[in-house]
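Next come the chains, spelled out residue by residue.
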Amino acid sequence: MVLVERALLSIIQIDEERKYDGHIAGSLHYPSDTFEESIPDLVKNLEGHDTVVFHCAKSQVRGPACARLLADRLEKGGSENAAGKLPKIVVLERGFDGWAAAGWPVCACKEAVCTKHTSSSS
């Protein structure tokens, strides 16, 4: 039998002040226009996580751009996870629209941190 360690991940929604009707259940919300100033807060929220998944509506512009900003900032300033490594940063293909169309869990709460669900696995 092979045991596989489960990743601790965070899902980051990047959009323009929640203009969409929902979000991926358990995600953290960061508006694209203030994302760069929010990076210190995001880094605190990512403590202990080894994977960060960014998305926007279609993951074509805002999500990938903010993922790159975070990656650049972490590479310059460190901020390793508990294992001493920088978190893996990925962009969700097809974004929120693709996620919702596939029937995956969507939440309609209006919180910056979706408190009804969790995106972390343990």
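Here the structure is a predicted model, which means the values were calculated and not measured.

The rules behind these values
Residues numbered from 1 in each chain as written. Predicted model: local features only at pLDDT ≥ 70, side-chain atom pairs only at ≥ 80, totals over all residues. Heavy atoms only, no water. Salt bridge = Lys/Arg side-chain N within 4 Å of Asp/Glu carboxyl O. Helix = DSSP H or I, 4+ residues; strand = E, 2+ residues; numbered from the N terminus. Buried < 20%, exposed > 50% of the residue type's maximum accessible area, 1.4 Å probe, protein only. Axes fitted to C-alpha atoms, helices over the stretch in contact; angles between N-to-C directions. Parallel < 35°, antiparallel > 145°, perpendicular 65-115°, else oblique. Left-handed = near helix turned anticlockwise from the far one by under 90°. Contact = heavy atoms within 4.5 Å. pLDDT = per-residue confidence, 0-100. Core = buried A, V, L, I, M, F, W, Y, C linked by side-chain atoms within 4.5 Å. Pairing = 2+ DSSP bridges.

This next bit is on the pattern of salt bridges. All chains considered together, the criterion is met by three salt bridges. The partner of K58 in a salt bridge is D97, and the shortest N-O contact between them spans 2.9 Å. One end of the pair, K58, is in the loop between strand 4 (51-55) and helix 2 (62-77); the other, D97, is in helix 3 (residues 95-101), and 39 residues separate them in sequence. On the accessibility criterion, K58 (47% relative accessible area) is partly exposed. Here R68 makes a salt bridge to D72, at a shortest N to O gap of 3.1 Å. With R68 and D72 both in helix 2, this residue pair falls four residues apart, about one helical turn.

Here we come to the packing of helix 1 (residues 35-45) against helix 2. Two elements in contact, helix 1 and helix 2, have axes whose closest approach is 10 Å; the angle formed by their N-to-C orientations is 60°. Accordingly, the angle class assigned to the pair helix 1 and helix 2 is oblique. Crossing handedness for the pair helix 1 and helix 2: right-handed. Residues F35, E36, I39, P40, L42 and V43 of helix 1 lie in contact with helix 2, whose contacting residues are C66, L69, L70, R73 and L74.

Turning next to the confidence of the model for the protein chain. Low-confidence regions, as indicated by low pLDDT, have predicted coordinates that should not be scrutinised in detail. Taken as a whole, the protein chain shows an average pLDDT of 81; of its residues, 77% reach a score of 70 or greater. Note that pLDDT drops below 50 for residues 118-122; the model gives that stretch 12 contacts with residues more than four away or on any other chain.

Next up on the list: the nonpolar core. I12, I14, Y30, F35, L42, F54 and L70 are the most contacted members of the largest nonpolar core, which totals 14 residues. Elements with a contribution of two residues or more to this core: strand 1 (9-15), strand 3 (28-31), helix 1, strand 4 and helix 2. Looking at which element gives the most residues to this core, the answer is helix 2, with four residues. Residue contacts for F35: discarding those within four places in its chain leaves I14, Y30, L42, F54, C66, L69 and L70. With five residues, the next largest nonpolar core counts I24, V53, L92 and F96 among its residues.

Turning next to the sheet that holds strand 1. Across the sheet, four strands lie side by side as 3-1-4-5; this open sheet has parallel pairing. Every interior strand has two partners, whereas the edge strands, strand 3 and strand 5 (88-91), have only one. Here the strands of the sheet are splayed against their neighbours by 25° on average, with no regard to which way each runs. With five bridges connecting them, strand 1 and strand 4 associate as parallel partners.

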